[in-house]
Amino acid sequence: MPHIKVGTENDTDIKIYYEDHGSGQPVVLIHGYPLNSDSWERQEPELLSAGYRVIRYDRRGFGKSSRPTTGFDYDTFAADLNALLEQLDLGDVVLVGFSMGTGEVTRYLGKYVSTRVRKGVLFGAIPPFLLKTDDNPEGVDGQVFEGIKAAIVKDRYAYFKDFLDNFYNVDKLAPERISEQAWQASFNVAAGSSPHATYACVDTWLTDFRADLPKIDVPMLVIHGDDDHVLPYAKTAARLAGLISDVQTVVIAGGPHAIAWTHADQVNTALLDFIRS
């Protein structure tokens, strides 16, 4: 299985697992919490059949990547992404992130010279800044995230049950758009993630991206469900138009957080139209 080394913890290499398929312009897919890169299974075939090279990888702590107890911050996540782009010597890249993965896209484009990247896409965006502060009154109260961490410590499997119910809006969309079996598959992936990563990533969600967004100098597409219970549209994606110089926004009516699965046809059409444009 292909891996790249991105660091060490004590005497053990930290490695990122990736898959690289097809040929043509490269599209790099970055998954969300608490899943792995298999969660792009409704996008990868469409991209491959349209003639694109698809690279997807598992974030440290998730999937088949290493499970260290260090590096759960967006500077490190962006450095992991940069290591992948450099090792594969990719250019003309379309970076596509979902949920937590939108943070990697944003921090990478804010921190690194974007000569390797042609466009960026944010599915279910976490930027600009999720935490409510005096200068960010639109954010979410910090006690919400303290409650999430407490729930993970108490019983992370019970927490995943509640999280994934909101992730897919099962009360409204099951079983037509999210089957019991597909939900269970996501639960199994979440349960197999690193317990440390599960907890450590919660604080990472509170990263302030407001300084990164004006530095983005490539065209961007934002796709977000208007019924997102995990990252509500009004607190996230709706605020990006004034912070990114060249951005298009597609709102999926009735879409939950996991629009890449529940509304794959609409999402794939918007994604391919944007890449081709």
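Residue positions are counted from 1 within each chain, in the order its sequence is given. Thresholds applied to this predicted model are a pLDDT of at least 70 for local features of residues and 80 or more for the giving and counting of side-chain atom pairs; totals over whole chains, interfaces and linings are not thresholded and use all residues. With hydrogens and water set aside, each side-chain value is computed from the structure's full complement of heavy atoms.

(A) Structural context of the sheet that holds strand β3 (residues 26-30). Ordered in space as β1-β2-β4-β3-β5-β6-β7-β8, the 8 strands form an open sheet in which the pairing is mixed. For this open sheet the edge positions go to β1 (3-9) and β8 (247-252), each flanked by a neighbour on one side alone. The mean inter-strand angle of the sheet, taken between neighbouring strand axes irrespective of direction, is 20 degrees. What makes two strands pair is DSSP finding at least two bridges between them. Each helix is a run of DSSP H or I of at least 4 residues and each strand a run of E of at least 2, with the numbering of both proceeding from the N terminus. Bridge count between strand β6 (residues 117-123) and strand β7 (residues 220-225): 4 bridges; the pairing is parallel. Residue Val121 lies in a different strand from β7, and its bridge partner there is Leu221. Lying over the sheet, helix α3 (residues 100-111) contacts β3, β4 (53-57), β5 (93-98), β6 and β7, oriented at roughly 140 degrees with respect to β5. Note on geometry: axes are C-alpha line fits, over the in-contact stretch for helices, and angles between N-to-C directions span 0 to 180 degrees. In this description, contact between two residues means that some pair of their heavy atoms is separated by no more than 4.5 Å.

(B) Focus on the pairing of β7. Residue exposure (1.4 Å probe, protein chains only): buried if accessible area is under 20% of the type maximum, exposed if over 50%, otherwise partly exposed. Counting buried residues in β7 gives 6 out of 6 residues, a clear majority hidden from the surface. The side-chain alternation of β7 yields two buried faces, one formed by Met220, Val222 and His224 and the other by Leu221, Ile223 and Gly225. Here 6 bridges tie β7 to β8, and the two strands are oriented parallel to one another. The residue of β8 that forms the bridge with Gly225 is Ile252.

(C) Region of the structure containing the packing of aromatic side chains. The rule is short: rings of Phe, Tyr and Trp, with Trp giving its six-membered ring, pair when the centres are within 6.5 Å, and they are stacked under 30 degrees, edge-to-face over 60, tilted in between. Applying the stated rule across the entire model yields 14 aromatic pairs. Geometrically, the ring pair formed by Tyr74 and Phe77 is edge-to-face, given 5.5 Å between the ring centres and 80 degrees between the ring planes. Residue Tyr74 and its partner Phe77 are located together in helix α2 (residues 74-87), separated by 3 residues, close to a single helical turn. Residue classification places Tyr74 among the buried residues on the basis of a relative accessible area of 1%. Ring centres of Tyr159 and Phe163 lie 5.8 Å apart, and the angle between their planes is 40 degrees; this geometry places the pair in the tilted category. In this pair, Tyr159 and Phe163 both sit in helix α4 (residues 142-168), 4 residues apart, roughly one turn of the helix.

(D) A look at α2. One less than the residue count of a helix, multiplied by 1.5 Å, gives the span that helix is expected to have. Spanning 14 residues, α2 covers 20 Å between terminal C-alpha atoms, matching the ideal 20 Å at 1.5 Å per step. Distance and chemistry together define a polar contact, namely a pair of N or O atoms within 3.5 Å, with one atom able to donate a hydrogen and the other to accept it when in protein, and with adjacent residues in sequence counting only for side-chain atoms on both sides. Capping the start of α2 is the job of one residue whose side-chain oxygen sits 3.2 Å from the backbone nitrogen of Asp75: Asp73. Phi for Asp89, located one or two positions after α2, is positive at around 50 degrees.

(E) Structural view of α4. Taking 1.5 Å per residue, 27 residues should reach 39 Å; α4 reaches only 24 Å between its end C-alpha atoms and comes up short. Bend is the name given here to the angle between axes fitted to two runs of seven residues, the run ending at a residue and the run starting at it. Approximately 125 degrees is the largest bend angle found in α4, and it occurs at Asp155. Those residues of α4 not exposed but buried are Phe145, Ile148, Lys149, Ile152, Arg156, Tyr159, Phe160, Phe163, Leu164, Asp165, Phe167 and Tyr168. If you follow the buried residues of α4, they end up packed against β5, α5 (170-173), α6 (180-191), α7 (195-204) and α8 (259-262). The opening residue of α4, the one whose side-chain oxygen lies 2.9 Å from the backbone nitrogen of Gln143, is Asp141. Asn169, located one to two residues past α4, shows a positive phi value of around 50 degrees.

(F) Quick look at the side chain of Asp228. In this fold, Asp228 is placed in the loop between β7 and β8. One buried charge, Asp228, has no salt-bridge partner; the nearest side chain with opposite charge is Lys172, at 11 Å. Sequence-distant contacts of Asp228, defined by excluding residues within four places in its chain, comprise Gly124, Gly255, Pro256 and His257. For the purpose of charge, His is not counted, nor are the chain termini; Lys and Arg are scored as positive and Asp and Glu as negative. In the sections that follow, a salt bridge refers to a side-chain nitrogen of Lys or Arg positioned within 4 Å of a carboxyl oxygen of Asp or Glu.

(G) Here's a closer look at the packing of α2 against α3. Direction vectors running N to C along α2 and α3 enclose 75 degrees, while the axes themselves pass 8 Å from each other. For the element pair α2 / α3, the angle class is roughly perpendicular. Between α2 and α3, the residues in contact are Tyr74, Asp75, Phe77, Ala78, Leu81, Asn82 and Leu85 and Met100, Gly103, Glu104, Arg107, Tyr108 and Lys111, respectively. Each angle receives one of four descriptions, namely roughly parallel if under 35 degrees, roughly antiparallel if over 145, roughly perpendicular if within 65 to 115, and oblique otherwise.

(H) How the structure looks around the environment of Ile30. Take Ile30: it is sitting in strand β3. Separated by 205 residues in sequence, Ile30 and Lys235 place their C-alpha atoms 22 Å apart. Sequence-distant contacts of Ile30, that is, excluding residues within four places in its chain, are made with Trp40, Tyr57, Arg59, Leu81, Val96, Gly97, Phe98, Gly101, Glu104 and Val105.

(I) Fine view of the nonpolar core. Core analysis: the biggest nonpolar cluster contains 59 residues, and Tyr33, Phe123 and Trp205 have the highest contact counts within it. With 9 residues, α4 is the largest single contributor of residues to this core. Counting 29 residues, the second largest nonpolar core, distinct from the first, contains Tyr108, Leu122, Ala125 and Leu213. Note on terminology: a nonpolar core comprises buried Ala, Val, Leu, Ile, Met, Phe, Trp, Tyr and Cys residues joined through side-chain atoms within 4.5 Å.

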